[in-house]
Structures are given as C-alpha cells and as structure tokens.
Amino acid sequence: MALRLKWLRCFCSCHPGHPSAPCVPSPPPPSMPASSSASSLEVRPGLLSARIQRPPPRSVLARGFRGSAVRHGAVCEPDDPMGAPDYAQLLRNNREWVQSRNSTDPEYFRKLSQPQSPPYLYIGCSDSRMALNQMLGCKPGYMFVHRNIANQVSVTDMGILSVLSYAVDSLRVSHIIVCGHYDCGGVKSAIYGETDGSLVANWVNPIKRVYTENKQELLAIPDKKARLDRLSELNVLQQVHNLCQTSSMRAAFRRNAYPELHGWILDIYTGLVKELELPIKNWVEQGYLPESYLRYCPTSSPASSVS
Amino acid sequence: MEPRRASVVRVAPIPMVQSYEAHSNMKYSVGEDELLDEDIARILEGNQRWVEEMTAGDPEYFISRSLIHKPKYLYIGCSDARVPADLMMGLQSGDLFVHRNIANQIVSTDCNCGSVIEYATNHLKVKHIFVCGHYGCGGIKYALESDGWGMNDHWMRLVRNVYRLHAQELDEIPDKQAKLRRLVELNVAEQVVNLYKNPHVQHSVKLTGFPKVHGLVLDIATGLLVTIPIELVTDPLHRYDHVYLFSKPPTVSNPHHKLGVSEHGSPLKRRPATQGFAEGQSLDGAEKVG
C-alpha cells in the first residue's frame, strides 16, 4: 500500500505541503453552490481516479475559468506539471465558453465580429505564463497582438514589420505596448548559451548587446536571478527603442500622427504588470523621437503606481 | 493621479495612406455597461484586480506557476484583436506558448516564427501545435482585394501564394464571403503543411509521435472553433513526401560536441578557451541560474 501511494505521489509543485501528500486540489471556495456534481469531482487518491481527468464544474466555468492553480480532478503527471486539460477537452471548453458568453449577452459574438478597431498594439513574449486576456482584464477586441520569443522588435523581421505597418497605418492604434517578463527563457538562453547553434540563439542575439552595454549596472547586482530580471527590463527598453527606428514609426512621426509607446514588465512571481519609465528626453535629444512627443505624451511617471 | 488621455495626434488629414478598413474612428462597445476606454491606467488596474482574484483562492498561485514553464500547447494564430487564444479554449496562464502574426503565417525563412517552433518542439517539447485562423480575417481580405502598398504587400503575398495553390477551387465559388471563408480554411491547412516541412517538427514526430499538429478556425460571429478536416492537410502531405521529408535529423551545431574531423576530412584544431560565451561559458562567467 505504501508503494502504491508513493507511485501516486504528485511531482508537481502546484500545491505546497509534504511531497508525499496525494494530489488533492484545494477545497472549492465557499461561494460555489454545494451540488452533487461538485462532490462527485472530489479527487479520491486511488488507482482508478488517478488516471481520470474530469472537467471543472459548471459554476467554475460560469465564472470564466478562474479558480485555483490545480484544476478540479486534474492529474499532475510528471511530464505535465501544470495539469493542463487534454486536447479533446479544449473543444468542449470552447463550447462551454460560448455558452457562458451567450448567456450573459446574446449579442456578444455578433458585436465582436464587426471589423476590429483595437486601441492597443501589444508586443509580448511567447511565454505561456502571459495569458493576455486574463492578465490584463482586457476583453477580446481591444488588443492587436504580436508575440515572439523575448518580445524582440527587429527592423529586419518581416513578421513584426507587417504587424506594425497594419497597426500603425491601418488600425491607427493609440498605444503600442512592449511587454516583457521576469524569468524569461529567451533572455536566459542569450546569456547562458543553452540554445547555441539554433535559430533561437540567432533570434535572441540582440540581448547580448543589451547585456554588454549595461554590464556595469548588471554586474553590480549580486543576486543572479535579480540580474536576469533587470536584463529583462533593459531588453524591453531596448525593444521600444528599436520600435522608434522602424520605417512604420518613422513615417508616423513624419506625418505627426503616431501612437504612444509603453514598456511594461510582468513580474511572473506576483502576476503584477509594471510600467517602465522610458528615457523619452534622451531619445528626443538623440533624434529617435520627435519633439512633439514630449508635448503630447507626458512621461513623468507611470500611469498607475503598482506596489 | 490624473489618468492619461488617448494620445494619437492628428494634425492634418492623411489622404495618401489608404485604410481599407474604413473604421479608424469607429468605436464599439461590447456590452451596454462596457465603454471603450483608451486609458492605459485602466488596463493596469485590471491587472491588479486579476492578481487579487487569483491570489484570493490560492496565495501561492503565481509563485507556484512561475517555477515551471512547461506548456502543453503551442498556438500559432492571427494577431487579430478579436481572437482570445487562452480564453476560447478554457486555458489558464502557463498552458499556451503563443506566437501571433498577421494571417497566422508559418514561413520557412522567418527567424521569428522559426525560433518559436524550434524552442517549443526541442526545449519545451509541447504535445500539440494549433494553427488557428479565423473567419473575417483582414489579412486574407487584403490579399484578395488590395492593390498593395507598403510593408504589408510583402507579407500578404504569402496569402496570395495560398490562393494560387487552390485557385481552381476558389475561382469557382461565386459568393465573395464564401470565397473568403474557404480561403481562411485553406490558409490554415497550408500552414499546417508548412509546419510539417519544418525539420524539427518532423524529427520530433518521428522520435516521439509528438507534437500533433491541428488546424483550427475560429468563427468570431459564433465564438465556436471549427477543426480543419484532416484530408485538407494529409493529401498534399503524402503527395509531396519525396519533396519535403527529411531522412536525417536536423543538424544543429552543438558547441559541446567532441571535436573530431571536419566535413572536408581535416582534423579540427581545438582553439584555446577564450573568455566569454564563445566557448559555451555564460556572459557574466556566473553559473547557470535555475
């Protein structure tokens, strides 16, 4: 019996406590109605239930899939530490999402299918921990999105140039947000060379230059993790700087109709997004930004102070 | 603190820039009580509310999820604002590795998308790859209608190539909307084929059977995901196996390989180790962090 329990031990770090404790999700919050379906989803440590992954109860779905990190009945396999739903479940989730949206507003999708007019262009990292719509509380239709490894803006990359061209010239977005995050795998691989010899190494190569240009400041940080996090922030600033040099933005500056630029960083450890202060005055003096930017886009402090 | 205002500066009309989506000044509201708000501060407040909501149920939520980055899925989709990748499949933060570009293109020579696919396949070892298009895609519409200008023409040529490959079928569709919808589906199928051309995907599928590649189309008008029928993909695949299938695994130059003989037959000299990352050391000489 002891052997069996050991085999069933959850290897994921999704719940604190003794590692030999079976993977039992935290009890549902008290606001959820007690129903027979909820009690049947209780995971009982045992050979049979360990292999079964049941969908979350309807009350969780109605709240928009928000809940604890461990999903109800999720099985944390060693190679699947997040306990993500199976592929077959995804299409069922989609049907449930549609139903929940239609129940609150029957016209929701009809309105959404109108031509898009998003006020924001978001350039972020491909990292899976940046779940955009949830993280920013932004409903679909607000953010035109481009995501790549380590949120790079390269003037020779057709992908991002076409996104910029469409967003700035056609959609006329009001803001461009470049968002990075702490604990970025792309930044890490640029410094430690884990992916050397591959396409990824070529792609994140500009981050090495950011490192060498700020070496003094970075080496002064004693903690290595904090050093990488600071490099993530500097990388975001560099990418916003690269934005100013793309042809779409330069044309927009010339015709005096351009979006406001923002650099954000997601603190993965707390989930909070922080706005970085851009060196706007320096960039205006060096000619990367027009002088009118100082007048129309005040830069003194971030829009909201985040603790 | 006074919130910032929307800051697009329009000094004079801009006649030379053609906007085929004539909606530059259009504002729409999704719900009666939800007004379109261009204030960045509101978004950051939304983020704070999300953090409070997630940590209310589980204070360790972010810490525990930050320790692991092992998403099961790679999503390659359109940049369109109306497609919520994680919401529409009921996924949470940490599940979906995402790449988004205009008209969800997968280009062989694109370092941007190529690096995402390589990282997801080789390092993250994702189990499934989704290529997701959507009806009403502006990129597809542009490729069919526009005369072409600026940067986008180069990218939209990729969609025109898809049109060329299926011109016979598409030209027979009389209704324009039906033609656009069919081109969206064919575009997704073609990108799935492009994925199979990728040597890293081929090698991984050969070794482990994963990742499995799926083509999806989101119907924004209903919110439902439609799966691309497999015949759309497998027919061109099997027909051109002799063209695209690699017999050997991809050669990624590995700095840690033992030096032996170069391909010309001459023995490779071992150079003295230099400081820095040329020899596989980290940039700051420090040990690798977690």
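What counts, and at which threshold
- Residues numbered from 1 in each chain as written.
- Chains lettered and ligands numbered in written order.
- Predicted model: local features only at pLDDT ≥ 70, side-chain atom pairs only at ≥ 80, totals over all residues.
- Heavy atoms only, no water.
- Helix = DSSP H or I, 4+ residues; strand = E, 2+ residues; numbered from the N terminus.
- Buried < 20%, exposed > 50% of the residue type's maximum accessible area, 1.4 Å probe, protein only.
- Contact = heavy atoms within 4.5 Å.
- Areas by Shrake-Rupley, 256 points an atom, 1.4 Å probe, with all protein chains shown as cover.
- Core = buried A, V, L, I, M, F, W, Y, C linked by side-chain atoms within 4.5 Å.
- Phe/Tyr/Trp six-rings, centres within 6.5 Å; stacked < 30°, edge-to-face > 60°.
- Lys NZ or Arg CZ within 6 Å of the ring centre and 35° of its normal.
- Disulfide = S-S within 2.5 Å.
- Axes fitted to C-alpha atoms, helices over the stretch in contact; angles between N-to-C directions.
- Parallel < 35°, antiparallel > 145°, perpendicular 65-115°, else oblique.
- Salt bridge = Lys/Arg side-chain N within 4 Å of Asp/Glu carboxyl O.
- Left-handed = near helix turned anticlockwise from the far one by under 90°.
- Nonpolar A, V, L, I, M, F, W, Y, C, P; charged D, E, K, R; others polar.
- Arc of directions from axis to C-beta.
- Polar contact = N/O pair within 3.5 Å; in protein donor to acceptor, adjacent residues only side chain to side chain.

J.: How should I be thinking about the overall build of chain A in this particular structure?
T.: Along its length, chain A carries 15 helices and five strands. Counting only residues that meet the buried cut, chain A has 57% of its 307 residues in that class. Of the contacts formed within chain A by residues at least 6 apart in sequence, a portion of 63% connects residues at least 24 apart. Of the roughly 12700 Å² of accessible surface on chain A, a fraction of 55% belongs to carbon and sulfur atoms.

J.: Looking at this model, I keep getting lost on the nonpolar core. Mind explaining?
T.: Among soluble globular proteins, nonpolar side chains are generally buried collectively. Core analysis: the largest hydrophobic core is formed by 119 residues, its most contacted members being A:Y122, A:M135, A:L136, A:M143, A:I176 and A:L261. Look past the residues within four positions of A:M135 in its chain and what remains in contact with it is A:Y122, A:M130, A:C179, A:L266, A:V273, B:G46, B:N47 and B:W50. With 23 residues, the next largest nonpolar core counts A:A84, A:F109, A:L112 and B:C132 among its residues.

J.: In this structure, what is going on with the packing of aromatic side chains? I would like to understand it.
T.: Here a ring pair, both rings aromatic, is described through the centre-centre distance and the interplanar angle of the planes. Throughout the structure, instances matching the rule amount to 11 aromatic pairs over all chains. Centre to centre, the rings of A:F253 and A:Y258 are 5.2 Å apart; their planes meet at 75°, and the pair counts as edge-to-face. Over the face of the ring belonging to A:Y108 we find A:R101, whose NZ or CZ atom lies 4.9 Å from the ring centre. When the ring centre of B:Y135 is taken as origin, the NZ or CZ atom of B:R181, which lies over that ring, is 3.9 Å away.

J.: Is there a simple way to explain the state of the cysteines in this structure?
T.: Working definition of a disulfide: a covalent bond connecting the sulfur atoms of two cysteines. Residues and elements named next belong to chain B. Tallied over the entire structure, the rule returns zero disulfides over all chains. Between C78, a free cysteine, and C137, which holds the nearest cysteine sulfur, the sulfur-to-sulfur gap is 3.8 Å. By relative accessible area, which is 4% here, C78 ends up buried. Here C111 is not cross-linked by a disulfide; its sulfur's nearest cysteine counterpart is in C113, at 10 Å.

J.: How should I be thinking about the packing of helix α10 (residues 205-213) of chain A against helix α12 (residues 224-244) of chain A in this particular structure?
T.: Angle between the axes and distance between the axes are the two parameters that describe a pair of packed helices. Residues and elements named next belong to chain A. Contact pair α10 / α12: the axes reach a minimum separation of 10 Å and the direction vectors enclose 110°. By the angle class used here, α10 and α12 are roughly perpendicular. Of the residues in α12, those in contact with I207, V210, Y211 and E213 of α10 are L231, L234, N235 and Q238.

J.: Looking at this structure, how should I read the pattern of salt bridges?
T.: Should the charged atoms of two oppositely charged side chains come close, the side chains can pair. Residues and elements named next belong to chain A. By the definition in use, this model includes 17 salt bridges over all chains. The residue D169 makes a salt bridge to R255 at a minimum N-O spacing of 2.9 Å. Taken as a pair, D169 in helix α7 (residues 158-171) and R255 in the loop between α13 (247-254) and β4 (260-267) lie far apart in primary sequence, 86 residues in all. Look at D169 and you get buried, because its relative accessible area is 9%. Accessibility expressed as a relative area gives 17% for R255, which makes it buried.

J.: What is the right way to read the packing of α7(A) against helix α6 (residues 152-165) of chain B from this model?
T.: Where α7(A) meets α6(B), the closest approach of the two axes is 8 Å, and the angle between their N-to-C directions is 110°. Put simply, α7(A) runs roughly perpendicular to α6(B). Every pair of crossing elements has a handedness; the one defined by α7(A) and α6(B) is left-handed. Here α7(A) contributes A:M158, A:G159, A:S162, A:S165 and A:Y166 to the contact with α6(B), which in turn contributes B:N152, B:H154 and B:W155. Considered class by class, the residues forming the contact of α7(A) with α6(B) number three nonpolar, five polar and no charged.

J.: Where do I start with α13(A) in this structure?
T.: Residue and element names in this part refer to chain A. Buried within α13 are the following residues: S248, M249, A252 and F253. Axial view of α13: buried residues confined to an arc of 135°, hence all on one face. Packed against the buried residues of α13 are α7, β3 (175-181), α12 and β4.

J.: Is there a simple way to think about the side chain of A:N148 in this case?
T.: Here A:N148 is to be found in strand β2 (residues 143-148). At 3.3 Å, the side chain of A:N148 forms a polar contact with the backbone nitrogen of A:N151. When neighbours within four sequence positions are excluded, A:N148 is seen to be in contact with A:G124, A:C125, A:S126, A:W203, B:H99, B:N112 and B:V116.

J.: Can you help me understand unusual backbone geometry in this one?
T.: A negative phi angle is the norm for most residues apart from glycine, just as the trans form is the norm for most peptide bonds. Residue and element names in this part refer to chain B. In this structure, P211 follows F210 across a cis peptide bond, with omega equal to 5°. If you trace the backbone, P211 turns up in the loop between α9 (199-208) and β4 (212-219). One non-glycine residue, A103, lies in the positive phi region at around 60°. Summarising the element assignment, A103 is placed in the loop between β2 (96-101) and α4 (111-124).

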